[in-house]
Amino acid sequence: MAARIEVQDLSIQFPLYHGQSRSLKRTMLARAKGLRRLQENSQHRLVVEALRNVTFTLGAGERLGLVGHNGAGKTTLLRALAGVYEPVAGRVRIEGTLNALLDPNQGMNMELTGRENVTLRGRYHRMNGPGIEALAEDVRVFAELGDFFDLPVRIYSSGMIVRLAFAMATAIRPQVLLMDEWFLAGDASFRNKARERLESMVRGADILVLSTHLNDVVRSWCSRVIWLEDGRVKADGPVDQVMDAFSGIGEGVPALFPETALS
Amino acid sequence: MNVISDPQAAPLPEAERGFTIDLRHGLGFVARNRMAISDIARGLSLWRLALTLSWLDIRLRYRGSVLGPLWLTLSTAVMVAALGFLYAVLFHTTIRDYLPFLALSLVLWSFIAAMVSDACTSFTQAENMIRSMRIPFSLYIGQIVARNVLILGHNVIVIVVVFVAFQVPVNLNALAAIPAFLLWLVDGAAASLLFGALCARFRDIPPIVGSVMQIAFYVSAVMWKPDFLHGHQSFLVYDPFYTILQIVRGPLLGQIPTMHAYISALGFSAVLCIFAWLTFLRVRHRIAFWI
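Reading guide: rules and limits
Residues numbered from 1 in each chain as written. Chains lettered and ligands numbered in written order. Predicted model: local features only at pLDDT ≥ 70, side-chain atom pairs only at ≥ 80, totals over all residues. Heavy atoms only, no water. Pairing = 2+ DSSP bridges. Helix = DSSP H or I, 4+ residues; strand = E, 2+ residues; numbered from the N terminus. Axes fitted to C-alpha atoms, helices over the stretch in contact; angles between N-to-C directions. Buried < 20%, exposed > 50% of the residue type's maximum accessible area, 1.4 Å probe, protein only. Contact = heavy atoms within 4.5 Å. Buried area = accessible area lost by both parts, 1.4 Å probe. Salt bridge = Lys/Arg side-chain N within 4 Å of Asp/Glu carboxyl O. Nonpolar A, V, L, I, M, F, W, Y, C, P; charged D, E, K, R; others polar.

Structural notes on the sheet that holds strand β8 (residues 176-180) of chain A
All names here are of chain A.
Moving on, step 1. Within the open sheet, the six strands sit side by side as β6-β8-β9-β4-β10-β11. Their pairing is mixed. Only two strands of the sheet have a single neighbouring strand rather than two, namely β6 (98-101) and β11 (232-238). On average, adjacent strands in this sheet sit at an angle of 15 degrees to one another, irrespective of strand direction.
Moving on, step 2. Of the pairings in the sheet, the one linking strand β4 (residues 63-67) to strand β9 (residues 207-211) comprises four bridges and is parallel in character.

Below, the structure written as structure tokens:
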């Protein structure tokens, strides 16, 4: 079955339950007037409109880059594609196996050992005993964890956590790969190895959706770009066309300070 | 899905192949039911993950301790022994009569109490996982039910030891506890759905639930035998905690509970399940935003 993503009129709103108090509500509404993304919904609740009427379709072979400024809705869109956030309106349809590399901790339990976390991940993908063993071995070797693999993740250095998360997430090859940009970072010695593995995974996937501030990555990896602004699709088209327009207003700053907060 | 080190491996047959969420025509009652049922079905198909999670929960709680999960058994044993001798004197009854009752009561009640208090955190405890992967919410329900059954399994040892030591006769009536226990599991799952969702949204509910459970412990004939009420037992059928406890405890002590107790237990369970299902229908798609 060919992989496919269909998104039609997708809207997502975040409820702000803790901003219910009258005065706070008014302040926030006033402050957000410029953005017009804080709205009251039908039940007079304060909501942030994270995505508004997003529509696109991706077929097998497409490599989509999501660009836009902080808070434009890139991560929310990835989460919606991953099925974590369910829309308030519209339609999301994913065909094909899916792996989402969303946040660095990837739902890891810090108290569990690396091996136990890998076991849980294997079970999530409905693997059986031998499959999980192969997965664990692959992750242990690739992440260069050595004996730490059987110790709680809590005592790992931050670099080790990133390596474990990366190895675990990239050990399973999906048809549809959703990736947030933190995956492109990592400690220097690990980065080349990681890039190689990631590139083989990206080549192996039928569809890639990548959210990033790194313009050169978008240009080299993607075939199509969607530029999000204030939760709406501002531009959708071939890489060169959209990226030229985007970096025209981007002042070049994102390339200098890519948002690869991994601390 | 393939493991990279073995690129030839065939995709796993049961791996999920995408999903569809279609709200173009709004989210009607039928659509909500369909999505909730598919959530439960996918949760059941991930039962291995739920079991692994619940076993790791217990392992984690006792990591680094010498006795490990046996502490569950030991602390229950100490509690039963200490309270048993004291209350047998307070209630002017014989140890021989009271201690087996107390051991059984306390172990079963601790299952109910832990189930209810875990129910309040069924979704909030899984915040990390909920926000990073598409996992059916019913999986966490399975995790909590399985974890409490495993804990009960450790505590049952205390009951067995006490029953053997006091040579308590167990007759065939005990078999009636099996369907009743299955009802407990259904109730436990329903409570986790209901309280898990409510507590994710309203953070004031766990303390309320906690104090209700404390009162329930004292009024629901856990520590004292129903016949201590001297003819006023009939009021107990209005206490859901009592009747639900009694339908498992009674048979194990050799008495089949009254018809009223069964009606009460089934009635309250049905109400709980209906509330839980309606709540789940209403809020399932919002939980990820709440935690």
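From this point, the discussion proceeds with the structure in view.
Thoughts on unusual backbone geometry
Excluding glycine, residues mostly have negative phi values, and the peptide bonds linking residues are mostly trans.
Moving on, step 1. Despite not being glycine, A:D230 shows a phi value in the positive range, around 50 degrees.
Moving on, step 2. In this structure, A:D230 sits in the loop between β10 (224-229) and β11.
Moving on, step 3. Classification of A:D230 by relative accessible area gives partly exposed; the value is 27%.
Moving on, step 4. At B:H92, a residue that is not glycine, the phi angle is positive and equals roughly 50 degrees.
Moving on, step 5. If you trace the backbone, B:H92 turns up in the loop between α3 (70-90) and α4 (95-119).
Moving on, step 6. For B:H92, a relative accessible area of 75% corresponds to the exposed category.

Considering the interface of chain B and chain A
Moving on, step 1. The partner chain A presents 57 residues to the 44 residues of chain B that form the contact.
Moving on, step 2. Interface area for chain B against chain A, summed over the two sides, is near 4,700 Å², with a carbon-plus-sulfur share of 58%.
Moving on, step 3. Our count for the chain B to chain A interface comes out at three salt bridges.
Moving on, step 4. Two residues, B:R59 and A:E116, come together in a salt bridge whose shortest N-O distance is 2.8 Å.
Moving on, step 5. Contributing elements (two or more residues each) for the side of chain B that touches chain A: β1 (2-3), β2 (19-23), α1 (29-45), α2 (47-61), α5 (127-132) and α11 (287-290) of chain B.
Moving on, step 6. If one sorts the elements of the side of chain B that touches chain A by residue count, α2(B) sits on top with seven residues.
Moving on, step 7. Across the side of chain B that touches chain A, the residue classes tally to 21 nonpolar, nine polar and 14 charged.

All quantities given are derived from atomic positions and should not be read as evidence of function.
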